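Coordinate analysis (summary)
What follows is each chain in one-letter form.
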Amino acid sequence: MTETQLTRLKSGAHTLLDDNPGFLRGDDGEEWLDEGELDRFTEDTPHSANIETLEERLREIKETTKKHSGEVDIEAAEVVHKSIPLSPAAASDSGIWNDLAIRHFPWFVRHRWNFQGKTAMKNKFWTAGTQLDGKASTFERLWWIAELTHEGGDYENTRRAFQSRTFCNRVFDIKLGRYKPATLACLEVLYDQDADDFESNDVVNDTLLRFRRVGSTIPFEGRTKDELVPIVEKIKQDELEQQS
């Protein structure tokens, strides 16, 4: 197994995306940025990963998933998380994820996301904020949501989370989503295992909004998933009664 040293892109590299809209779209002859230009903004890191194997798996996913669909997330999150063995502290460096998206796998980013404007597409290559679902670059989003949902190497929760855009948006775009026990508690309550699907979007949305408000007055940090599940369950039942 050949390990490749991971590199990171410094902050100034985002100007390359501003200057090359054809790269964002994947226009013929502009699918890749000039390596020399990238090198001006590149720094080494002490981390490594098997990039060749990751590429093989991502190309398989590209061939077997519908373009511009959430199906890509469901199949890719586990692969990315297992292939890039970083600690949470190391994974907090967005420069690594920006580098993977721009230098190594821009074709995969374009497979996942349809071009709907320069700014929106730029955010898929370059992390623009702390919101994991809405502002994180493609690989940072995949890795972190997998990190916050897998349990002991079991990624079933990860696959479930990506089935609902409402769930991802309401959980992972705020501080709450960075606290794993809270995320797992929300998944346990809002995903109906018998139906193999989430509760309705309205129930998911309203339950999470209320749970977030509770967290603003009663800190969740330090509480276990088992301690948080009854809180989410009570809120969900209230919502079901109100909507019935």
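Described below are features of the structure shown in this document. As a convention, each chain's residues are numbered from 1 in the sequence order in which they are written. Local features in a predicted model are, by the rule used here, given only for residues with pLDDT of at least 70; side-chain atom pairs are given and counted only at 80 or more, and totals for whole chains, interfaces and linings are based on all residues. Note that the side-chain values use all heavy atoms of the structure and ignore hydrogens as well as water.

**Points about the pattern of salt bridges**
Here, a salt bridge means any side-chain nitrogen of Lys or Arg that lies within 4 Å of a carboxyl oxygen of Asp or Glu. The final tally for this structure, using the stated rule, is 22 salt bridges. In this structure, the salt-bridge partner of aspartate 27 is arginine 25, at a minimum N-O distance of 2.8 Å. Throughout this description, buried means an accessible area under 20% of the type-specific maximum (1.4 Å probe, protein chains only), exposed means over 50%, and partly exposed covers the range between. Exposure remark for aspartate 27: the relative accessible area of 24% places this residue in the partly exposed category. Under the relative-accessibility criterion, arginine 25 is labelled partly exposed at 42%. Aspartate 39 is the salt-bridge partner of arginine 103, the closest N and O atoms lying 3.7 Å from each other. You can see arginine 103 sitting in helix H7 (residues 94–104) and its partner aspartate 39 sitting in helix H3 (residues 35–39), a full 64 residues away along the chain. On the accessibility criterion, arginine 103 (12% relative accessible area) is buried. Taken together, the salt bridges that share partners define one network made up of Glu35, Asp39, Asp99 and Arg103. In this description a helix means any DSSP run of H or I spanning at least four residues, a strand means any run of E spanning at least two, and both kinds are numbered starting from the N terminus.

**Section: helix H15 (residues 225–243)**
A helix's residues, less one, multiplied by 1.5 Å, set its expected span. Taking 1.5 Å of rise per residue, the 19 residues of H15 would be expected to cover 27 Å, and the 26 Å separating its terminal C-alpha atoms lies within 8% of that figure. For H15, the full list of buried residues reads Leu228, Val229, Val232, Ile235, Lys236, Asp238 and Glu239. In this structure, the buried side of H15 is in contact with helix H13 (180–190) and helix H14 (201–217). Throughout, a contact is declared for two residues whenever any of their heavy atoms are within 4.5 Å.

**A look at the nonpolar core**
Ranked by size, the top nonpolar core spans 72 residues in total, and within it Leu58, Ile84, Trp97, Phe108, Phe139 and Phe167 carry the most contacts. A total of 7 residues in this core trace back to one element, the largest contributor, which is helix H10 (residues 138–149). With near-sequence residues (within four places) excluded, phenylalanine 167 lies in contact with Ala161, Phe172, Thr183, Cys186, Leu187, Leu190, Phe198, Val204 and Leu208. Put simply, a nonpolar core is a bunch of buried Ala, Val, Leu, Ile, Met, Phe, Trp, Tyr and Cys residues held in one set by side-chain atoms that sit within 4.5 Å of each other.

**With respect to the side chain of threonine 158**
Looking at the secondary structure, you find threonine 158 in helix H11 (residues 156–161). Once residues lying within four places of it in the same chain are set aside, the contact partners of threonine 158 are Ala77, Ile145, Ala146, Thr149 and His150.

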